[in-house]
Amino acid sequence: MDALTLSRIQFAVTAGFHFLFVPLTLGLAVLLAWMECRWVATGERVYLRLTRFWGRLFLINFVLGVVTGLTLEFQFGMNWASFSRFVGDVFGFPLAVEATAAFFLESVSIGLWVFGWDRVSPRIHALAMVVLAFAVNFSALWILLANGWMQNPVGHTVTAGRAELTDLGAFLANPYGWLKFLHTVFAGYIVAAFFVMAVSAWHLLRGSEVDLFQRSFRMAARFGLAASLLVVLVGDFHGSEVGKAQPAKLAAMESLWETGRGVPFYLIVIPDEGKEANALELFGIPKMVSFLAYKDFDAAVRGLRDFRREDRPPVTLSFLGFRSMVGLGFVFVLLTALAVWFSRRGAFKAPPLLLKAIVYALPLPYLACQLGWMVAEVGRQPWIVYGLMRTADAVSPGLTAREAALSLGGFTVLYGILALVGVYLLRKYAQAGPAEV
Amino acid sequence: MDLSNLWFVLWGLLWIAYFVTDGFDLGVGILYPFLGRTEAERGAIRAAIGPVWDGNEVWLVIAGAMTFAAFPVLYAALFSSLYAAFFILLGALILRGTALEFRGKGTGRLWGRLWDGAFFTGSGLCAFLFGVAFGNVWRGLPLGPGGYEGSFFSLLNVYGLTTGLLFVVVFAAHGALWLALRLEGEAGGRARRVALRLWIAGSLLVLVFLVNSALYTHLYANYLTSPALMVLPALALASLFLQGTMIVKGLYGRAFAASCLVVALIFATAMAGMYPHLLPSRTAPPWGLTIYNAAAGEYTLRVMAAVALTVLPVVAAYQCWVYRVFSRPIKEEKIREEEGY
């Protein structure tokens, strides 16, 4: 394999691995801030115990997110030097703001929170978690504005072979970036909600610390239902934005080959990329794709054949990724709605079957996040910056296949070990249950 | 001062902030197996940097991201040229961060040994590789029309290696002084004793560095044309002297402050010699990078300067306040197992 292919795999591995930890951080920080503020407001000890218990799991996850983020910060320069040279002017800006304004706040706050229990007042301590929750989400905003620009470049001109920032306002108001931000953080909230529900359900099934885990289950269920509904809503807007900004990605996500008006939505589709058609299309809902993409039943939707072969993204991956993600999204709405209903205040009677289902559903929101990124990034191919730069032209010119293979192997082994240790520790502390405080 | 010059100064200051802050916790990692002999002592050493190391490391992320935004051409050339070195550096940073968090969370001898090893090795490698990397930047890289024309092993030249060693020893002394301030008990005593020896070794290496810079680099060219710059190395040596005096007197707070100045001024000395270069080419000078041919457009530079000059003071003040919160020394018995993040 050449340096380009290896670098692409390495980016997928390192970014995908980083994003195993980020979503839980995004959501659990918010839940922890909620728990600790209730402890300060009510003085009920159970909220302090909840904060401590979930806080420890939060930290194990948090550090893995932080250290794997370092790789992403420098990898653009290491493997994607031509990209960095071309876009640094525009793309480096949100990364720098993220580091300065958001990541800094979060890293200083985390030290204060972990070690500050006896050093600052409970109010200040709770405030540290509120600041942390704000900072991690603020961090996501800047990263996704950066990615949003790669998806839908705005506010720049290209001069002398380089993109230059010309309009800060346009860059900051990029609808693609904002929709991506909302979609991503709500997805993170779903991961956190399922994480808390699943661990709580595991303990409830064993009858340990019933009062405490009913509370965290109830909080997470409500949080999760709100997030699941929002993710679907934002996802719908986001789909329309994709249709406007990247019609080829939309066509690939729907595996739509022929351009047409009033395009139907088929429940079951098997794409055949070789024949440039679908091998199977079953159970059509008339005009649904046109409506979903453009809010108009008769809107024209461009098919893949309308794009030159070299401008089309891989269809099967984009299509399957998108379908599975959307399907999972509806599973989350259903499960969290049931969880909210059965965990009503004063009437907690979640049946063991539901609790078990939620324990086993824990990997699903993680999977949905990975699939979402696959659609976003694979669907943007062959472009690294949509319409401006091809991925094939972005790799570092001096990078040899041997170097890339060594670093890919190194990261894979290192991350594999970290994943094993991380899962082991999360399991250990999740099962150990809360300590007395 | 035009924007490119302003950014040269800001860029240097960001790296200084990184080395002054993370420098001591890297140094603590280097000294960790030697100063911490019992389980309790090791716990106390980790706790001495626990609340602050992550905040310190942010300066690296800021320096990296600001390089990307302000000098995108440098960001692209530097990290792709030094690919293998930065790959190992990332691995080391990842390992030591994880070790600090996970060490206290498991049980058993093997668990402790493995993470202790990761913390020590990761910290040492980081300090050394940053020295090698900046040593080679100051010396100049073989850059030509095709980009970087060297390999990982061509970084391991005399100047690169001695600069790597300089970073390791200066950071170790920096870390010893931090521990001297923060630890009580026997480990604290050991830190105070080792500080003087490290200071002597560090001073020798600073002299070697200053001589080597004349032999292997062009860093002194600016000093010949603008002798006023001599104030930087003069202050560096004065701080070094002050640091030694304070260690001998047992005034560790002042010695640590002097140590911060030493780290900052050595870096500033080299950077002043670089100006206006960012990444000189030692084989084909026109292919080297300067603050002019590597900078972002003026609009980005202006926006970024506004962000840096307004946001950085606020977050830095927050960081200082957290340092104050944790300024009381640590007693070993007070470390709880769960604290260890």
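Since we're looking at a predicted model, the values are computed, not measured.

Another aspect to go through is the overall build of chain A. Scanning chain A from N- to C-terminus turns up 13 helices and eight strands. Expected size for 437 residues packed as a compact globule is a radius of gyration near 22 Å; at 23 Å, chain A falls within 12% of this value. Taking the principal axes of its C-alpha atoms as reference, chain A extends roughly 65 × 50 × 40 Å. Going through the 437 residues of chain A one by one, you find that 60% of them count as buried.

Next up on the list: the pairing of strand 4 (residues 265-272) of chain A. All names here are of chain A. The sheet contact formed by strand 4 and strand 5 (residues 277-285) spans seven bridges and is antiparallel. In the sheet register, valine 269 faces strand 5, and the bridge partner there is glutamate 281. Between strand 4 and strand 5, which pair antiparallel in sequence order, lie four residues; one of them, glutamate 276, sits at a positive phi of approximately 55°.

This paragraph deals with the layout of surface pockets. All names here are of chain A. In this structure, the largest pocket occupies an estimated 1,400 Å³ of space. Around the largest pocket, the lining is made up of 48 residues, and of these Phe11, Ala15, His18, Leu72 and Trp373 lie nearest the centre. With twelve residues, the single largest contributor to the lining of the largest pocket is helix 1 (residues 3-42). Looking at the lining of the largest pocket residue by residue, the classes come out as 31 nonpolar, eleven polar and six charged.

Glancing now at a nonpolar patch on the surface. Residue and element names in this part refer to chain A. Together, Leu267, Ile268, Ile270, Leu280, Leu282, Phe283 and Ile285 make up a nonpolar patch on the protein surface, roughly 590 Å² of accessible area in all. If you list the elements that add at least two residues to the nonpolar patch, you get strand 4 and strand 5. With four residues, strand 5 is the largest single contributor of residues to the nonpolar patch. Along the chain, leucine 282 turns up in strand 5.

Below, the discussion takes up the packing of aromatic side chains. Enumeration according to the criterion identifies 67 aromatic pairs over all chains in this entry. When the centroid spacing of 6.2 Å and the interplanar angle of 70° are considered together, the rings of tryptophan 54 of chain A and phenylalanine 195 of chain A count as edge-to-face. Placement of the pair is tryptophan 54 of chain A in helix 2 (residues 45-79) and phenylalanine 195 of chain A in helix 6 (residues 175-206), with a sequence separation of 141 residues. Like phenylalanine 195 of chain A, tryptophan 54 of chain A is buried. Relative to phenylalanine 79 of chain B, the ring of tyrosine 75 of chain B lies with its centre 5.1 Å away and its plane at 65°, an arrangement referred to as edge-to-face. Note that tyrosine 75 of chain B and phenylalanine 79 of chain B are positioned in helix 4 (residues 72-81) at a spacing of four residues, about one turn of the helix. Here tyrosine 75 of chain B and phenylalanine 79 of chain B have matching classes, each one buried. A cation sits over an aromatic face here: arginine 52 of chain A above tryptophan 117 of chain A, 3.9 Å from the ring centre. The ring of tryptophan 341 of chain A is capped by arginine 344 of chain A, whose NZ or CZ atom sits 4.0 Å from the centre of that ring.

Counting residues at the interface gives 74 residues for chain A, matched by 68 residues for chain B. Each partner contributes to the roughly 6,100 Å² buried at the junction of chain A and chain B, and carbon and sulfur atoms together form 75% of this total. If you sort the residues of chain A by the area they bury against chain B, Phe104, Phe115 and Arg119 of chain A come out on top, with a joint share of 14%. One can count zero salt bridges joining chain A with chain B. Here the side of chain A that touches chain B takes 25 residues from helix 3 (residues 81-115) of chain A, the largest share from any one element. Taken together, the residues that form the side of chain A that touches chain B break down as 44 nonpolar, 18 polar and twelve charged.

Below, the discussion takes up the confidence of the model for chain B. As a note on interpretation, predicted positions should not be read in detail where pLDDT is low. Residues and elements named next belong to chain B. Of the residues in chain B, 96% reach a pLDDT of 70 or more, and the chain-wide mean stands at 91. In the predicted structure, residues 337-341 sits below a pLDDT of 50 and forms 20 contacts with residues beyond four places in sequence or in another chain. As a predicted assembly, this complex carries a pTM of 0.92 together with an ipTM value of 0.89.

Our focus in this paragraph is empty space enclosed by the protein. Residues and elements named next belong to chain B. A complete count under the given rule lists seven cavities of 30 Å³ or more for this structure. By volume, the largest cavity is sized at about 110 Å³. Along its surface, the largest cavity is lined by Phe19, Trp138, Leu166, Phe167, Val170, Phe171, Val263, Ile266 and Phe267. Of all elements in the fold, only helix 7 (158-182) and helix 11 (252-274) reach the threshold of two or more residues within the lining of the largest cavity. It is helix 7 that provides the largest number of residues to the lining of the largest cavity, a total of four residues. Of the residues that constitute the lining of the largest cavity, the class distribution is nine nonpolar, no polar and no charged.

This part covers the packing of helix 8 (residues 185-216) of chain B against helix 10 (residues 231-249) of chain B. All names here are of chain B. The contact between helix 8 and helix 10 brings their axes to 10 Å, and the two run at 165°. Judged by the angle between their axes, helix 8 and helix 10 are roughly antiparallel. Handedness of the helix 8/helix 10 crossing: left-handed. Residues Ala195, Leu196, Trp199, Ser203, Val206, Leu207 and Leu210 of helix 8 pack against Leu237, Leu240, Phe241, Gln243, Gly244, Ile247 and Val248 of helix 10. For the contact of helix 8 with helix 10, the class distribution of residues is eleven nonpolar, three polar and no charged.

Right, let's talk about the environment of valine 158 of chain A for a bit. Residues and elements named next belong to chain A. Within the element layout of this structure, valine 158 appears in strand 1 (residues 156-159). Valine 158 sits 99 residues away from tryptophan 257 along the chain, and the two C-alpha atoms are 32 Å apart. Each residue touching valine 158, except ones within four places of it in the same chain, is listed here: Phe86, Ala163 and Leu388.

On to unusual backbone geometry, then. Peptide bonds are trans in most cases, and residues, glycine excluded, mostly fall at negative phi. Cis geometry marks the peptide bond from glutamine 381 of chain A to proline 382 of chain A, where omega comes out at 5°. As for its placement among the helices and strands, proline 382 of chain A is situated in the loop between helix 12 (363-378) and strand 7 (383-385). For the bond running from tyrosine 275 of chain B to proline 276 of chain B, omega is 0°, close enough to zero to count as cis. Of note, proline 276 of chain B is situated in the loop between helix 11 and strand 3 (277-279). Positioned with a positive phi, glutamate 209 of chain A is a non-glycine residue whose angle comes to about 50°. Within the fold, glutamate 209 of chain A resides in the loop between helix 6 and helix 7 (210-245). The exposure class assigned to glutamate 209 of chain A is partly exposed, which follows from its relative accessible area of 31%. The phi angle at lysine 295 of chain A is positive, at roughly 55°, despite the residue not being glycine. Relative to the helices and strands, lysine 295 of chain A resides in the loop between helix 9 (288-294) and strand 6 (300-301).

Relative to the helices and strands, asparagine 61 of chain A is located in helix 2. Once residues within four sequence positions are removed from consideration, asparagine 61 of chain A is found in contact with Leu20, Phe21, Leu24 and Thr25 of chain A.

Our next topic: the environment of glycine 27 of chain A. With respect to the helices and strands, glycine 27 of chain A occurs in helix 1. In this structure, the C-alpha to C-alpha distance between glycine 27 of chain A and glycine 224 of chain A, residues 197 residues apart in sequence, is 9.5 Å.

Let's shift gears to the nonpolar core. Core analysis: the biggest nonpolar cluster contains 283 residues, and Trp54 and Phe83 of chain A together with Trp138 of chain B have the highest contact counts within it. Looking at this core, the element that brings in the most residues is helix 3 of chain A, giving 20 residues. Setting aside anything within four residues of it in sequence, one finds tryptophan 54 of chain A in contact with Leu28, Leu32, Met35, Phe195, Val196, Val199, Ser200, Phe213 and Ser216 of chain A. Counting residues in each nonpolar core, the second largest holds five residues, with Ala251, Ala252, Trp257 and Leu304 of chain A among its members.

Criteria and thresholds
Residues numbered from 1 in each chain as written. Chains lettered and ligands numbered in written order. Predicted model: local features only at pLDDT ≥ 70, side-chain atom pairs only at ≥ 80, totals over all residues. Heavy atoms only, no water. Helix = DSSP H or I, 4+ residues; strand = E, 2+ residues; numbered from the N terminus. Rg over C-alpha atoms; globule rule 2.2 N^0.38 Å. Buried < 20%, exposed > 50% of the residue type's maximum accessible area, 1.4 Å probe, protein only. Pairing = 2+ DSSP bridges. 1 Å grid on protein atoms, 1.4 Å probe; cavity = no way out; pocket = protein on both sides within 12 Å on 5 of 7 lines; lining within 4 Å. Points joined across faces, edges and corners; volume = space filled by probe spheres on them. Nonpolar A, V, L, I, M, F, W, Y, C, P; charged D, E, K, R; others polar. Patch = residues over 30% accessible without salt bridge, like charges linked within 9 Å, V, L, I, M, F, W, Y side chains within 5 Å. Areas by Shrake-Rupley, 256 points an atom, 1.4 Å probe, with all protein chains shown as cover. Salt bridge = Lys/Arg side-chain N within 4 Å of Asp/Glu carboxyl O. Phe/Tyr/Trp six-rings, centres within 6.5 Å; stacked < 30°, edge-to-face > 60°. Lys NZ or Arg CZ within 6 Å of the ring centre and 35° of its normal. Contact = heavy atoms within 4.5 Å. Buried area = accessible area lost by both parts, 1.4 Å probe. pLDDT = per-residue confidence, 0-100. Axes fitted to C-alpha atoms, helices over the stretch in contact; angles between N-to-C directions. Parallel < 35°, antiparallel > 145°, perpendicular 65-115°, else oblique. Left-handed = near helix turned anticlockwise from the far one by under 90°. Core = buried A, V, L, I, M, F, W, Y, C linked by side-chain atoms within 4.5 Å.

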